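Now for the letters of each chain:
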Amino acid sequence: MYCGDETGAYVGDVGSHTARFGYGGEDCPKVVLPSAVYRHYGGTVDYNNDDEGSRVKKRKAAKYSAPVSLLNAPPDDCFTENEVGFIPIYNSMNSNAKSSPDVDTEALAALWECSYQSLAVRDRKKHTVGPRHDPNDTIEGPIDHPLLASIDPHRGEKHHASILEMFFESLSAPAAYLAPSATLSAFSFGRPTALVVDVGHSSARVTPVMDGYTLKFGSVQSQRGGDWLARVQEKVLACNDLWGDAPCPCPDGVMPRYMLRNKDDNLLKLKILKESSFHDMSVHQVMYEMMTGSHVLPLEEEESSLPAPFSDNDSDDSNAVEDEEVDEDEPMYVLPDGTRLDLGLTKTGKDLRRLPELFFSESLPTFLQTDTNTNSDENITTQPLHQLVQHSLSQILDADIRKELISNIILTGSSSLFTGMDKRLSSELSRILPSMYKNKVISSKNSVENRYSAWIGGSILSSLGSFQQMWLSRREYDECGSFLGLQKFHS
Ligand SMILES: Nc1ncnc2c1ncn2[C@@H]1O[C@H](COP(=O)(O)OP(=O)(O)OP(=O)(O)O)[C@@H](O)[C@H]1O
């Protein structure tokens, strides 16, 4: 048991898009960073004396920093001859950048460290009441705060054990706790039993939570998250065939901001960047801004009477520029490179305004069907949101539990912030679930609560008096190691 209630916990929720950090007991995270780090190779060759006194080349430990913005190309000391030191912590399942599928725990530890620096967590005096008397007092030291992190159960025990190891070995935590993000989101809505629908970046996940425990049965995910939607939009902008007689807006692909700012850069560097996760994330940023622009229409409350966006059964000439329809208020969007999109003139432009409808489209247009799901896990699909919920519920055999979950559906995750998402999910579920079940979709009107629900749940949990005995203390970790340590979180 860890009796550390004098020092509040430090809570982290690292997703595949953003990472949130802050002190337990607070309302919202104090630091939100892109979920990636720069690796700086600067001065990597170091001459040291080895034991025999001869001079040998040694590689200095790489330094890491948090990418504050994606507006400029990474610093020069992040490049080697054939790669750029930009490491996304978790790769999106839709990513096509060259990157390792394994989670780099050194980079993950570096991201936690970057958040410590932003909040001066290692400044021991900052957490001491009263003035600092001795100016020579060291302010850097091991962290006193127990660490609580959200985890994704899909990533498996090996990954969770490596997080624990990192907490105790690299970050010298005095105690730690790992909690499934669905459980934490349910807590943040004050419901220990709920069906959590988290529409995030790399996927949409549906997870049943019973009395605070995440159930393995019924935990399913679909590729249709925010990253998927952004990639669909990117593809539409670059696909000649979709624009009929109108000119294709970005035949050579969407231009991220760093390319616009670094026009003079050497070609090798640009080639390296174009194949990197940095480029992927920078394009996503441009697509995210467009997806959340004012031209995007709210989701219809009921199943749309119009055909799904970009569906193939439209008349052939529907994409022709319709001069007679032009009016002064036509919705327009301008990409950072100046490309002007008149979204009211073509069928494809109009469909772009209805992009979020794709979360609920039961069949996908042909140009997307080539990206079929290659994942062998049958619980990872490309299903639309309402079918994903149905798929999850079909795995819950107990009718009473199923009924309770249906009346407590929590909709969370930043990609659930499209206007009308909660009402649409509810109406689609009423259509496909047996009529004896009355569904209730709960979602916060406050976007901060939706974006950071897992972090907020962690903050609440870590400050409960009754929770203090749940921490895995350093002594317990030293005695039983990371894999056995994980068992404590299931008890
Ligand atoms: N206001 C908004 N409306 C719609 N989508 C949004 C909005 N804000 C952010 N997004 C999208 O939400 C996604 C990020 O979601 P979220 O922060 O829940 O992901 P994450 O937790 O970092 O990653 P993951 O869920 O994969 O672990 C991005 O793809 C972004 O484009």
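Rules used throughout
Residues numbered from 1 in each chain as written. Predicted model: local features only at pLDDT ≥ 70, side-chain atom pairs only at ≥ 80, totals over all residues. Heavy atoms only, no water. Helix = DSSP H or I, 4+ residues; strand = E, 2+ residues; numbered from the N terminus. Buried < 20%, exposed > 50% of the residue type's maximum accessible area, 1.4 Å probe, protein only. Contact = heavy atoms within 4.5 Å. Axes fitted to C-alpha atoms, helices over the stretch in contact; angles between N-to-C directions. Parallel < 35°, antiparallel > 145°, perpendicular 65-115°, else oblique. Left-handed = near helix turned anticlockwise from the far one by under 90°. Nonpolar A, V, L, I, M, F, W, Y, C, P; charged D, E, K, R; others polar. Pairing = 2+ DSSP bridges. Salt bridge = Lys/Arg side-chain N within 4 Å of Asp/Glu carboxyl O. pLDDT = per-residue confidence, 0-100. Near = heavy atom within 4 Å. Polar contact = N/O pair within 3.5 Å; in protein donor to acceptor, adjacent residues only side chain to side chain. Areas by Shrake-Rupley, 256 points an atom, 1.4 Å probe, with all protein chains shown as cover.

**Regarding the environment of Leu393**
- Topologically, Leu393 is positioned in helix α10 (residues 385-394).
- On the basis of relative accessible area, Leu393 is assigned to the buried category, the value being 3%.
- Not counting residues within four places of it along the chain, the set of residues in contact with Leu393 comprises Leu195, Arg402, Leu405, Ile406 and Leu433.

**Considering the packing of α10 against helix α12 (residues 421-432)**
- At a minimum axis separation of 9 Å, α10 and α12 run at an interaxial angle of 55 degrees. The orientation of α10 with respect to α12, classified from their angle, is oblique. The handedness of the crossing between α10 and α12 comes out as right-handed. Contacts between α10 and α12 involve Leu385, His386, Gln387, Val389 and Gln390 from the former and Met421, Leu425, Glu428, Leu429, Arg431 and Ile432 from the latter.
- The residue makeup of the contact of α10 with α12, split by class, is six nonpolar, three polar and two charged.

**Focus on the pairing of strand β12 (residues 204-210)**
- Where burial is concerned, most of β12 is hidden: seven out of the seven residues are buried.
- One ladder, built from six bridges, connects strand β11 (residues 194-199) with β12; its direction is antiparallel. Counted as the bridge partner of Asp198 is Arg205 from β12.
- The hairpin turn running from β11 into β12, its antiparallel successor, is four residues long.
- Here β12 runs beside strand β14 (residues 220-222); their pairing, made up of three bridges, is antiparallel. Pairing of Ala204 across the sheet is with Ser222, part of β14.
- Bridge count for β12 against strand β13 (residues 213-214) is two bridges, and the pairing is antiparallel. Looking at β13, one finds that Val209 is bridged to Thr214.
- Here β12 folds back onto β13 in antiparallel fashion, the turn holding two residues, of which Asp211 has a positive phi close to 45 degrees.

**Re the pattern of salt bridges**
- Under the definition given, this model contains 19 salt bridges.
- Residue Asp198 pairs with Arg205 through a salt bridge whose shortest N-O separation is 3.0 Å. In this structure, Asp198 and Arg205 share a single accessibility class: buried.
- Measuring nitrogen to oxygen at the nearest pair gives 3.2 Å for the salt bridge that ties Arg475 to Glu479. With Arg475 and Glu479 both in helix α15 (residues 474-487) and four residues apart, this pair spans about one turn of that helix. Just as Arg475 is exposed, Glu479 falls in that class too.

**A word on the sheet that holds strand β10 (residues 175-180)**
- Spatial ordering of the open sheet is given by β3-β2-β1-β9-β10-β20, a layout of six strands whose pairing is mixed. A single partner strand is all that each edge strand has here, and the edge strands are β3 (31-34) and β20 (472-473).
- Looking at chain direction, strand β9 (residues 147-151) and β10 are connected through five bridges and run parallel. Along β10, the bridge assignment pairs Leu147 with Ala176.
- Lying over the sheet, helix α1 (residues 105-119) contacts β1 (10-14), β2 (18-23), β3 and β9, oriented at roughly 130 degrees with respect to β1.

**A look at the confidence of the model for the protein chain**
- On average, the protein chain scores 85 in pLDDT, and the residues at 70 or more come to 82%.
- Segment residues 44-60 is flagged for pLDDT under 50; beyond a separation of four residues in sequence, or across chains, it makes 21 contacts in the model.
- Residue range residues 320-327 is modelled with pLDDT below 50. Its contacts to residues more than four positions away, or to other chains, number 10 contacts.

**A short note on the packing of helix α3 (residues 181-188) against helix α14 (residues 453-462)**
- One way to put it is that α3 packs onto α14 with a least axis distance of 7 Å and a crossing angle of 75 degrees. By the angle between their axes, α3 is roughly perpendicular relative to α14. Note on element contacts: α14 touches α3 through Ser453, Ala454, Ile456, Gly457, Gly458, Ile460 and Leu461, opposite Ser181, Leu184, Ser185, Phe187 and Ser188.
- Looking at the contact of α3 with α14, its residues break down into six nonpolar, six polar and no charged.

**Regarding the site of the ligand**
- Inspection of the region around the ligand gives 21 residues, with Ser16, Arg20, His201, Ser202 and Arg205 positioned closest.
- Residue Arg205 places a side-chain N or O atom 2.8 Å away from an oxygen atom belonging to the ligand.
- At 2.9 Å from an oxygen atom of the ligand is found a side-chain nitrogen or oxygen belonging to His284.
- For the ligand, whose free accessible area comes to 650 Å², the fraction covered by protein is 92%.

**Observations concerning α14**
- Buried residues dominate α14, accounting for nine of its 10 residues.
- Along α14, the positions that sit buried rather than exposed are Ser453, Ala454, Trp455, Ile456, Gly457, Gly458, Ser459, Leu461 and Ser462.

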